[in-house]
Amino acid sequence: MDTTAEEVANGIQPTGDKIFRLSPDKVVDLGIEPAILKKVLTGSDFHKYVINETNYKIIYTNKDVDITKYPKCLSYLNQFKEQLSKKRKH
């Protein structure tokens, strides 16, 4: 597994999936900074004995990341500020 994944983490919530998981085309269109993106696989990418490679990326951040260093990512996420704020309160 270590040749396939750097980290196994609990999935993002369904509402977050539509925000944080980006197709290759969307990454290019938005110009999201590569340093804040990581490869991502979802449950549907795993099959018995096979893992389907995808080019999807996830915006990967935590409290230690200075999001202002990623202005295009920040601009994109600001569109969802209200939705993400609601999610955080729950």
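It should be emphasised that the depicted structure is a prediction, and the values quoted were computed from it without experimental measurement. (Residues numbered from 1 in each chain as written. Predicted model: local features only at pLDDT ≥ 70, side-chain atom pairs only at ≥ 80, totals over all residues. Heavy atoms only, no water.)

Participant: Requested: an account of the overall build of the protein chain, with residues and values cited.
Facilitator: In terms of helices and strands, the protein chain carries four helices and five strands. Each helix (α) and strand (β) of the protein chain, taken in turn from the N terminus, gives the series α-β-α-β-β-β-β-α-α. Buried residues in the protein chain amount to 22% of all 90 residues. For the protein chain, the proportion of contacts with a sequence separation of at least 24, taken over those separated by at least 6, is 57%. Carbon and sulfur atoms form 52% of the exposed surface of the protein chain, whose accessible area is close to 7,200 Å². (Helix = DSSP H or I, 4+ residues; strand = E, 2+ residues; numbered from the N terminus. Buried < 20%, exposed > 50% of the residue type's maximum accessible area, 1.4 Å probe, protein only. Contact = heavy atoms within 4.5 Å. Areas by Shrake-Rupley, 256 points an atom, 1.4 Å probe, with all protein chains shown as cover.)

Participant: Explain the nonpolar core residue by residue, including any values.
Facilitator: Counting 15 residues, the largest nonpolar core has Ile-59 and Tyr-76 as the members making the most contacts within it. At the level of secondary structure, the elements contributing two or more residues to this core comprise helix 1 (14-20), strand 5 (57-59) and helix 3 (71-78). The greatest single-element share of this core, amounting to three residues, is contributed by helix 3. Discounting residues that sit within four places of it in the chain, Ile-59 has contacts with Ile-19, Phe-20, Leu-22, Ile-36, Leu-37, Cys-73, Tyr-76 and Leu-77. (Core = buried A, V, L, I, M, F, W, Y, C linked by side-chain atoms within 4.5 Å.)

Participant: I'd like a rundown of the environment of Leu-22, residues and numbers included.
Facilitator: By the element assignment, Leu-22 lies in strand 1 (residues 21-22). Once the C-alpha coordinates of Leu-22 and Ile-58 are considered, the two residues, 36 residues apart in sequence, prove to be 6.0 Å apart. Those residues in contact with Leu-22, other than ones at most four positions away along the chain, are Val-27, Ile-32, Leu-37, Tyr-56, Lys-57, Ile-59 and Tyr-76.

Participant: Describe in detail the side chain of Glu-33, supporting the description with residues and values.
Facilitator: Along the polypeptide, Glu-33 turns up in the loop between helix 2 (24-30) and strand 2 (37-39). Looking at Glu-33, its side chain comes within polar contact range of the main-chain nitrogen of Cys-73, at 3.1 Å. Contact partners of Glu-33, with chain neighbours within four places excluded, come to Tyr-70, Pro-71, Lys-72 and Cys-73. (Polar contact = N/O pair within 3.5 Å; in protein donor to acceptor, adjacent residues only side chain to side chain.)

Participant: Please set out the packing of aromatic side chains residue by residue, giving values where relevant.
Facilitator: Counted by the stated rule, this structure contains one aromatic pair. Their ring planes at 70° and their centres at 5.2 Å tell us that Tyr-76 and Phe-80 sit as a pair that is edge-to-face. For the pair Tyr-76 and Phe-80, one class covers both residues: buried. The ring of Tyr-56 has Arg-21 lying over it, and the distance from NZ or CZ to the ring centre is 4.0 Å. Over the face of the ring belonging to Tyr-60 we find Lys-38, whose NZ or CZ atom lies 4.9 Å from the ring centre. (Phe/Tyr/Trp six-rings, centres within 6.5 Å; stacked < 30°, edge-to-face > 60°. Lys NZ or Arg CZ within 6 Å of the ring centre and 35° of its normal.)

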